[in-house]
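If you want the building blocks of each chain, they are given just below.
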Amino acid sequence: MINGIMRIGIYGGTFAPVHNGHVKAAEEFFRQMELDLLYIIPAAVPPHKQLDANDDPRHRLKMCELAFGDMERVFVSDIEIMRKGPSYTVDTLRALAGEDRRLFLLMGTDMMLTLDRWREPEEIFRLCYPIYMRRENDPIIEGRIVAKNKEYLAKYGKIVRRVPMEFVDVSSTEVRDRVRAGESIEDAVPAAVAHYIKENGLYV
Ligand code: ATP
């Protein structure tokens, strides 16, 4: 809490399934942005992503609860899943915004570079402080980020700040592939999530 303003983080994603990289990213985001609260928000149907036909958002929600359940002041929200249909960030920000709060929205580099093509970008920049994290150190991408931030500053009066972090080398795609191949995922996801995937026969 700074000057009576609550600092609230928002970390959305497909989380199909949630993995150790997501957990680490959430921890770093929380710590470095000095958040008071962090919402983990699994998307219903991400506008930019085609999910498996048998995807069940309730499983993704449950696995997030298992992964983040014992982190203090971190809450898994079903706001996007309950809304059904495509999840638009601007709707989520509107639902969480308030005079006494400052919203920080975490995203990856690809999202940072295309933020102006999301629905109602000016509203997104008005309602929150977007934050990006990146894995690679490619100078070409660095140049694109700098250029994009100049554009954002001119258009929306804000830049997208970086939260530096070490990436855990894992993706949900890799986890699903490993499950399908009958390989262990114990080192890639929290133990309770590995157990849940097995119990419910997910991703086989
Ligand atoms: P998929 O492999 O299905 O594309 P994913 O592992 O990228 O999934 P998402 O649910 O799409 O998982 O990711 C949500 C957010 O977490 C995105 O902003 C993404 O950039 C970020 N993210 C994904 N993997 C990692 C990781 N290993 N470390 C930190 N952040 C990550």
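Structural data are supplied above this passage.
Everything numeric in this text was worked out from a predicted model, so none of it was measured. (Residues numbered from 1 in each chain as written. Predicted model: local features only at pLDDT ≥ 70, side-chain atom pairs only at ≥ 80, totals over all residues. Heavy atoms only, no water.)

Participant: Go over the overall build of the chain with me, naming the residues and quoting the values.
Facilitator: For the chain, the helix and strand inventory stands at nine helices and six strands. Computed over the C-alpha atoms, the radius of gyration of the chain is 17 Å, within 12% of the 17 Å expected from 2.2 N^0.38 for a compact globule of 204 residues. Residues classed as buried in the chain amount to 46% of the 204 residues present. Pairs at least 24 apart in sequence give 78% of the contacts found in the chain among residues at least 6 apart. Distance between charge centres in the chain, computed from 29 positive and 32 negative side chains, equals 4 Å. (Helix = DSSP H or I, 4+ residues; strand = E, 2+ residues; numbered from the N terminus. Rg over C-alpha atoms; globule rule 2.2 N^0.38 Å. Buried < 20%, exposed > 50% of the residue type's maximum accessible area, 1.4 Å probe, protein only. Contact = heavy atoms within 4.5 Å. Lys, Arg positive; Asp, Glu negative; His and termini not counted. Charge placed at Lys NZ, Arg CZ, Asp CG, Glu CD.)

Participant: Tell me what's going on with the packing of aromatic side chains, and back it up with residues and numbers.
Facilitator: Applying the stated criterion across every chain, the model contains six aromatic pairs. Ring centres of F125 and Y152 lie 5.0 Å apart, and the angle between their planes is 50°; on these two criteria the pair is classed as tilted. In this pair, F125 sits in helix α6 (residues 121-127) while Y152 sits in helix α7 (residues 139-156), placing the two residues 27 residues apart along the sequence. Residue classification places Y152 among the buried residues on the basis of a relative accessible area of 0%. Each ring, one from Y152 and one from Y156, has its centre 6.0 Å from the other, and the planes form 40°; the classification is tilted. Taken together, the positions of Y152 and Y156, both in helix α7 and four residues apart, correspond to about one turn of that helix. These aromatic residues form a ring-pair network of at least three members: F125, Y152 and Y156. Directly above the aromatic system of Y88 lies the positively charged group of R119, at a separation of 3.9 Å from the ring centroid. Positioned above the aromatic ring of Y129, the side-chain terminus of K158 is 4.1 Å from the ring centre. (Phe/Tyr/Trp six-rings, centres within 6.5 Å; stacked < 30°, edge-to-face > 60°. Lys NZ or Arg CZ within 6 Å of the ring centre and 35° of its normal.)

Participant: Lay out the sheet that holds strand β3 (residues 74-76) in plain terms, naming residues and giving numbers.
Facilitator: Here six strands make up an open sheet; going across it, the order is β3-β2-β1-β4-β5-β6 and the pairing parallel. Edge positions in the sheet fall to β3 and β6 (161-162), since each of these pairs with one other strand and no more. Bridge count for strand β5 (residues 128-133) against β6 is two bridges, and the pairing is parallel. Across the sheet, Y132 pairs through a bridge with R162, a residue of β6. Together, β1 (6-13), β2 (37-42), β4 (101-108) and β5 form the strand contacts of helix α4 (residues 89-96), whose direction differs from that of β4 by roughly 155°. (Pairing = 2+ DSSP bridges. Axes fitted to C-alpha atoms, helices over the stretch in contact; angles between N-to-C directions.)

Participant: With reference to specific residues and values, describe unusual backbone geometry.
Facilitator: Going from A16 to P17, the amide bond is cis rather than trans, its omega being 0°. Looking at where P17 falls in the secondary structure, it is placed in the loop between β1 and α1 (20-32). Positioned with a positive phi, R73 is a non-glycine residue whose angle comes to about 65°. Summarising the element assignment, R73 is placed in the loop between α2 (57-68) and β3.

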